[in-house]
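Structural features, examined
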Amino acid sequence: MNQKDTVIHLVAGGAAGTVGAIVTCPLEVVKTRQQSSRGNMMSSSPGSEAPPQSRNLKMSPSVNGFTAPPPLRIGNDMGIIQCIRHIIRQEGTIALFKGLGPNLIGVAPSRAVYFSTYSQAKRFWNNLLPPDSPVVHVCSASCAGFMASTLTNPIWFVKTRLQLDVNKENPMTAIQCVRHIYAKSGMLGFYKGISASYMGISETIIHFVIYEAIKAQLIAYHQHDSDERSSKDFLEFMVAGAISKTVASCIAYPHEVARTRLREEGNRYTGFWQTLQLVFKEEGIKGCYRGLKTQLVRQIPNTAIMMSTYEAVVYILTTRFNTEFYQKEGH
């Protein structure tokens, strides 16, 4: 892959992730709150406000003598639409986009790093292993997932903290969140949950193995067709992305719950396996799958949009700059 191809994949990956993040941000907020240990949207009575000391602690049930109202466990008691309405009623419409700033800052470089690393790793492993075999896709996806998780975990950590902040009168800003985390835990504090992110590479592996397999079948099916891409081709890529991500999400989902718990305020959750064991002990198997429905509803459009945008941008740019990368991919 030459330098021009690498830049094309960086741009395509960044554009794909950005579009998907904006469209599905409200569902991301709902999912994160469902996954948290409180699994609630702490609602106060009209006119009431939590004392200042509770704001940095995400309104724990008891902080310095303050007892919060009984939490509404949205994971069990509310559907997705009800959750969204509850957020709007209690915190305003803007709350549906909490964490969008860090998300936009992180999603473009994260996806760009991921897709470019995946493409280069795939080329590298193709020279050592049977070309385009499943093991090549597994190794490439693992390298890409590890690199993206390592470089961008601090951004996702801040995003999660902002999404769990339910204070309406004085919501925490990204800068305040960064200062609070650094003052309390230093730089290492931004890497809480990184172990769960590494375990989440398994989801990425499953996702891309299935996606590449479906994509290869589609290319083989259309090999005698014209080289020009139609809207039907991109629709097929959308379906392929949605199917592969849905299967992967269901299999590897518990790591998402563990990651959110590890990023919460406090020291109750200390490690990946310790977190899963504690969740299973206290909440049963259902606790390990809190927010799965929201995750699937979010991932289907998000992944479909991301994959189709990626393929479209790569096709447009390779055609524009005559790199013929698409032609090489198809052979």
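Residues numbered from 1 in each chain as written. Predicted model: local features only at pLDDT ≥ 70, side-chain atom pairs only at ≥ 80, totals over all residues. Heavy atoms only, no water.

Named according to an unreviewed UniProt entry, the protein chain is Mitochondrial carrier protein Rim2 originating from Dendroctonus ponderosae. Taken directly from UniProt, the Sequence similarities (unreviewed entry) text for the protein chain runs: "Belongs to the mitochondrial carrier (TC 2.A.29) family." (UniProt positions renumbered as here; feature names shortened; annotations may be inferred.)

1. A closer look at the overall build of the protein chain
On a plain count of helices and strands, the protein chain comes out with 13 helices and 2 strands. Residues counted as buried form 53% of the 331 residues belonging to the protein chain. Pairs at least 24 apart in sequence give 78% of the contacts found in the protein chain among residues at least 6 apart. A total of about 15,700 Å² of accessible surface is found on the protein chain, and carbon and sulfur atoms cover 62% of it. (Helix = DSSP H or I, 4+ residues; strand = E, 2+ residues; numbered from the N terminus. Buried < 20%, exposed > 50% of the residue type's maximum accessible area, 1.4 Å probe, protein only. Contact = heavy atoms within 4.5 Å. Areas by Shrake-Rupley, 256 points an atom, 1.4 Å probe, with all protein chains shown as cover.)

2. Some remarks on helix H12 (residues 292-321)
Its 30 residues place the ends of H12 42 Å apart at the C-alpha level, agreeing with the 44 Å of an ideal helix rising 1.5 Å per residue. Maximum bend of H12: about 30°, positioned at Gln299, with proline Pro301 one to four residues after it. Within H12, 21 of the 30 residues are buried, leaving the element largely enclosed by the surrounding structure. (Expected span 1.5 Å × (residues − 1). Bend = angle between axes of the 7 residues up to and from the residue.)

3. Focus on the pattern of salt bridges
A complete count under the given rule lists 13 salt bridges for this structure. The partner of Arg33 in a salt bridge is Glu91, and the shortest N-O contact between them spans 2.6 Å. Taken together, the residues Arg33 in helix H1 (residues 3-35) and Glu91 in helix H3 (residues 80-91) connect sequence positions 58 residues apart. Glu91 gets classed as buried once you look at its relative accessible area, which sits at 9%. Across the pair Glu265 and Lys184 runs a salt bridge, and its minimum N-O distance is 2.6 Å. Separated by 81 residues along the polypeptide, Glu265 in the loop between helix H10 (254-263) and helix H11 (272-287) and Lys184 in helix H6 (residues 174-185) bring together distant segments of the chain. One network of salt bridges, with partners in common, ties together Glu28, Lys31, Lys159, Glu256, Arg259 and Arg298. (Salt bridge = Lys/Arg side-chain N within 4 Å of Asp/Glu carboxyl O.)

4. With respect to the packing of aromatic side chains
Enumeration over the complete set of coordinates arrives at 8 aromatic pairs. Considering the side-chain rings of Tyr253 and Tyr289, the 6.0 Å spacing of their centres and the 20° angle between planes classify their relative orientation as stacked. On the criterion of sequence distance, the pair formed by Tyr253 in the loop between helix H9 (231-252) and H10 and Tyr289 in the loop between H11 and H12 is long-range, its members being 36 residues apart. You can call Tyr253 buried: its relative accessible area is 0%. Among the aromatic side chains, those forming a connected cluster through ring pairs are Tyr114, Phe115, Tyr118 and Tyr310. (Phe/Tyr/Trp six-rings, centres within 6.5 Å; stacked < 30°, edge-to-face > 60°.)

5. What to know about empty space enclosed by the protein
For the structure shown, the criterion picks out 2 cavities of 30 Å³ or more. Volume-wise, the largest cavity comes out at about 810 Å³. In terms of lining, the largest cavity is formed by 41 residues, of which the most central are Arg111, Trp156, Glu256, Arg259 and Arg298. Listed by contribution, the elements that provide at least two residues to the lining of the largest cavity are H1, helix H4 (100-126), helix H5 (134-164), helix H8 (201-221), H10 and H12. The biggest single contributor to the lining of the largest cavity is H1, with 9 residues. Of the residues in the lining of the largest cavity, the class split is 9 nonpolar, 22 polar and 10 charged. (1 Å grid on protein atoms, 1.4 Å probe; cavity = no way out; pocket = protein on both sides within 12 Å on 5 of 7 lines; lining within 4 Å. Points joined across faces, edges and corners; volume = space filled by probe spheres on them. Nonpolar A, V, L, I, M, F, W, Y, C, P; charged D, E, K, R; others polar.)

6. Let's talk about the side chain of Ser110
Relative to the elements of secondary structure, Ser110 occurs in helix H4. According to the relative accessible area criterion, Ser110 is buried, its value standing at 10%. Apart from residues no more than four positions distant in its own chain, Ser110 is found in contact with Ala148, Thr152 and Trp156.

7. Thoughts on the environment of Thr318
Positionally, Thr318 belongs in helix H12. Judged by relative accessible area, Thr318 falls into the buried class, the value being 5%. Spatially, the C-alpha atom of Thr318 lies 7.7 Å from that of Asp5, the residues being 313 residues apart in sequence. A distance of 2.7 Å separates a polar side-chain atom of Thr318 from the backbone oxygen of Val314. Polar side-chain contacts of Thr318 include one of 3.0 Å to the backbone oxygen of Tyr315. (Polar contact = N/O pair within 3.5 Å; in protein donor to acceptor, adjacent residues only side chain to side chain.)

8. Quick word on the environment of Gly101
Mapped onto the elements, Gly101 comes out in helix H4. Between the C-alpha atom of Gly101 and that of Leu162, which follows or precedes it by 61 residues, the distance is 9.8 Å.

9. Looking at the packing of H4 against H5
Close contact between H4 and H5 brings their axes to 7 Å; oriented N to C, the two are set at 170°. The orientation of H4 relative to H5 falls into the category roughly antiparallel. Crossing hand, H4 versus H5: right-handed. A per-class count over the contact of H4 with H5 returns 20 nonpolar, 9 polar and 2 charged. (Axes fitted to C-alpha atoms, helices over the stretch in contact; angles between N-to-C directions. Parallel < 35°, antiparallel > 145°, perpendicular 65-115°, else oblique. Left-handed = near helix turned anticlockwise from the far one by under 90°.)

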